[in-house]
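Observations on the model geometry
The chain contents come next:
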Amino acid sequence: MKKLVYLMWSITILACSSSQNATTSKNINRKASSESYAQTITAEDLKTHLYVYASDDFEGRNTGEQGQKKAVNYLKDFYISQEIKSPLGEDTYFQHVPSAFLNKKRRRFQLKDSENVLAYIKGTEKPDEIVVISAHLDHEGIKNGKIYNGADDDGSGTVAILEIAQAFKKAAKEGNGPKRSILFLHVTGEEKGLLGSKYYTENPVFPLKNTVTDLNIDMIGRVDDRHKEDPNYIYLIGSDRLSTELHNLSEEVNTKYTNIKLNYRYNRKSDPNLFYYRSDHYNFAKHNIPVIFYFNGIHADYHKPTDTPDKINYELLEKRTRLIFHTAWEVANRENRLIVDKAN
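A few points on the structure. (Residues numbered from 1 in each chain as written. Predicted model: local features only at pLDDT ≥ 70, side-chain atom pairs only at ≥ 80, totals over all residues. Heavy atoms only, no water.)

Topic: the overall build of the protein
Filter applied, for reference: Secondary structure follows DSSP: runs of H or I at least 4 residues long count as helices, runs of E at least 2 residues long count as strands, and numbering of each begins at the N terminus. We take the radius of gyration over the C-alpha atoms and set the globule estimate at 2.2 Å times the residue count to the 0.38 power. Classification of residues uses two cut-offs on accessible area relative to the type maximum, computed with a 1.4 Å probe and protein chains only: under 20% is buried, over 50% is exposed, and between them is partly exposed.
Across its full length, the protein carries nine helices and ten strands. Against the 2.2 N^0.38 benchmark of 20 Å for 344 residues, the protein shows a C-alpha radius of gyration of 22 Å, consistent with a compact globule. Projected onto its principal axes, the C-alpha positions of the protein cover 95 × 45 × 40 Å. Expressed as a percentage of its 344 residues, the buried residues of the protein come to 53%.

See the structure below:
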């Protein structure tokens, strides 16, 4: 009897110890995983994607045109290959954006039907709360026989999302999925007036009241004239406009992981360029959803056929993409939802 009791006691102790070790191991993995998964975002992979996405084959990705159709299929095929699902169900990654919507305020150059591309990873603990990572998939198309490839604008933001999605998926497969759901949102018609993001926010797949933030990426692969001597920078716009917590979190994440110089020059309300109103994050900000717009500034090839993938600084693109990934990770995994303390 004593031997049996001793044996039962030993088994219980071993089981408890094993359970504690497993729990501890899981906690350690979650704590360390942001940095380890960020390492999967590489300059080489970003370059591989961008040389396809901003190639002549995609004909400048003009809204509704054949090149843009190739672009959305490239994005869809990537998500399928990575086993990253669509929130729209099955293999339906496209949110149809009808020409009637796109042409509401247009009299000339009528646009054809287009698509937003949506993929997501469901949260493990707070699946109804959504972190949006966005970029626009379109560009200027072909003008006067010249292809406007849009490698930086916004091929750089588009391929950054692909790498971020891949990193989150790897984490999820290894049991470190985000607490909140992540929506990878590629929007159409930005160059025509922020139309794709406007359509999404007016026809959201997830209720806007459940959307925690939008991290919007629009041009992060180049260096502007102000930073020729010190390219380790990124402009942040909007981070403190609606949520002090988001701004502080962003600063802390950068200090901890990437040490990029965060430049708020274009975040000033007196900024004559009005960049805060000029990319897709603004359609979320209008609904009091906290945003950050990541931007490298204007360069000599902006909106010209010379914006080609050979001019991208891929090491810098890697570093900036990792910053956005770390920020999204922290927002998605923090205990409490971001507080909106500056609602309009």
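A word on the pattern of salt bridges
Side-chain pairs of opposite charge can arise whenever the charged atoms involved come near each other. Applied cut-off: Here, a salt bridge means any Lys or Arg side-chain nitrogen found within 4 Å of an Asp or Glu carboxyl oxygen.
The final tally for this structure, using the stated rule, is 14 salt bridges. Here E83 and K173 are joined by a salt bridge, their closest N and O atoms 3.5 Å apart. Separated by 90 residues along the polypeptide, E83 in the loop between α3 (66–81) and β1 (94–97) and K173 in helix α5 (residues 151–173) bring together distant segments of the chain. For the pair formed by E83 and K173, the shared burial category is exposed. As a salt-bridge pair, R334 and E245 come within 3.5 Å of each other at their nearest N and O atoms.

Notes on the packing of aromatic side chains
Applied cut-off: Pairing of aromatic rings covers Phe, Tyr and Trp, the last through its six-membered ring, and needs centres within 6.5 Å; plane angles under 30 degrees mean stacked, over 60 mean edge-to-face, and all others mean tilted. Criterion for a charge above a ring: Lys NZ or Arg CZ within 6 Å of the ring centre, and within 35 degrees of the ring normal.
Tallied over the entire structure, the rule returns 25 aromatic pairs. Geometrically, the ring pair formed by Y235 and F295 is tilted, given 6.3 Å between the ring centres and 40° between the ring planes. Here Y235, found in strand β8 (residues 233–237), pairs with F295, found in strand β10 (residues 291–295); they are 60 residues apart in sequence, far enough to count as distant. This pair shows no difference in class: Y235 is buried, exactly as F295 is. Through pairs of rings, three or more aromatic residues link up here, namely Y37, F78, Y79, Y93, F168, F184, F325 and W329. Over the face of the ring belonging to Y148 we find K143, whose NZ or CZ atom lies 5.2 Å from the ring centre.

A closer look at the pairing of β8
Condition: Two strands make a pair as long as DSSP finds a minimum of two bridges between them. By convention, a crossover is right-handed whenever its connection, traced from the first strand over the helix to the second and viewed with the strands pointing away, goes clockwise.
In terms of burial, β8 is largely enclosed, as five of its five residues are buried. Residues Y233, Y235 and I237 line one face of β8 and the alternating positions I234 and L236 line the opposite face, and both faces are buried. In this sheet, strand β9 (residues 261–263) lies alongside β8 in parallel orientation, the contact comprising three bridges. Bridge pairing links Y233 to K261 in β9. Regarding topology, helix α7 (residues 244–258) serves as the crossover connection from β8 to the parallel β9, and that connection is right-handed. Pairing geometry for β8 and β10, over three bridges, is antiparallel. Bridging across to β10, L236 finds its partner in Y294.

Points about the pairing of strand β2 (residues 114–121)
In the case of a regular strand, side chains alternate between the two sheet surfaces. With respect to burial, β2 is a largely interior element, eight of its eight residues being buried. Side chains of β2 alternate between two faces, with S114, N116, L118 and Y120 and E115, V117, A119 and I121 buried alike. Two strands pair when backbone bridges link them, and β1 and β2 are joined in this way by four bridges, in the antiparallel orientation. Bridge pairing links Q95 to N116 in β2. Pairing analysis gives five bridges linking β2 to strand β6 (residues 180–187), with the strands arranged antiparallel. If you follow A119 over to β6, its bridge partner there is F184.

Some details on the nonpolar core
Generally speaking, a soluble globular protein has its nonpolar side chains buried in company with each other. The criterion, for reference: Take the buried Ala, Val, Leu, Ile, Met, Phe, Trp, Tyr and Cys residues and link them wherever side-chain atoms come within 4.5 Å; each set so joined is a nonpolar core. Every residue pair with non-hydrogen atoms within 4.5 Å of one another is taken to be in contact.
If you look at the biggest cluster of nonpolar residues, it comprises 61 residues, and the most contacted ones within it are Y79, I133, I164, F168, F184 and F325. Of the residues forming this core, the biggest block, ten residues, is contributed by α5. Other than its neighbours up to four places away in sequence, F325 contacts S34, Y37, A38, I41, I164, A167 and F168. Core analysis: the second largest hydrophobic core is formed by 26 residues, L183, Y200, A285 and I289 among them.

Structural notes on unusual backbone geometry
Residue D154 follows D153 across a cis peptide bond; omega there is -10°. Along the chain, D154 turns up in helix α5. Backbone geometry at M219 places phi at a positive 80°, although glycine is not the residue there. Here M219 is to be found in the loop between β7 (211–217) and β8. On the basis of relative accessibility, which here comes to 2%, the residue M219 falls in the buried class.

Any link to function would need more than the numbers given here.
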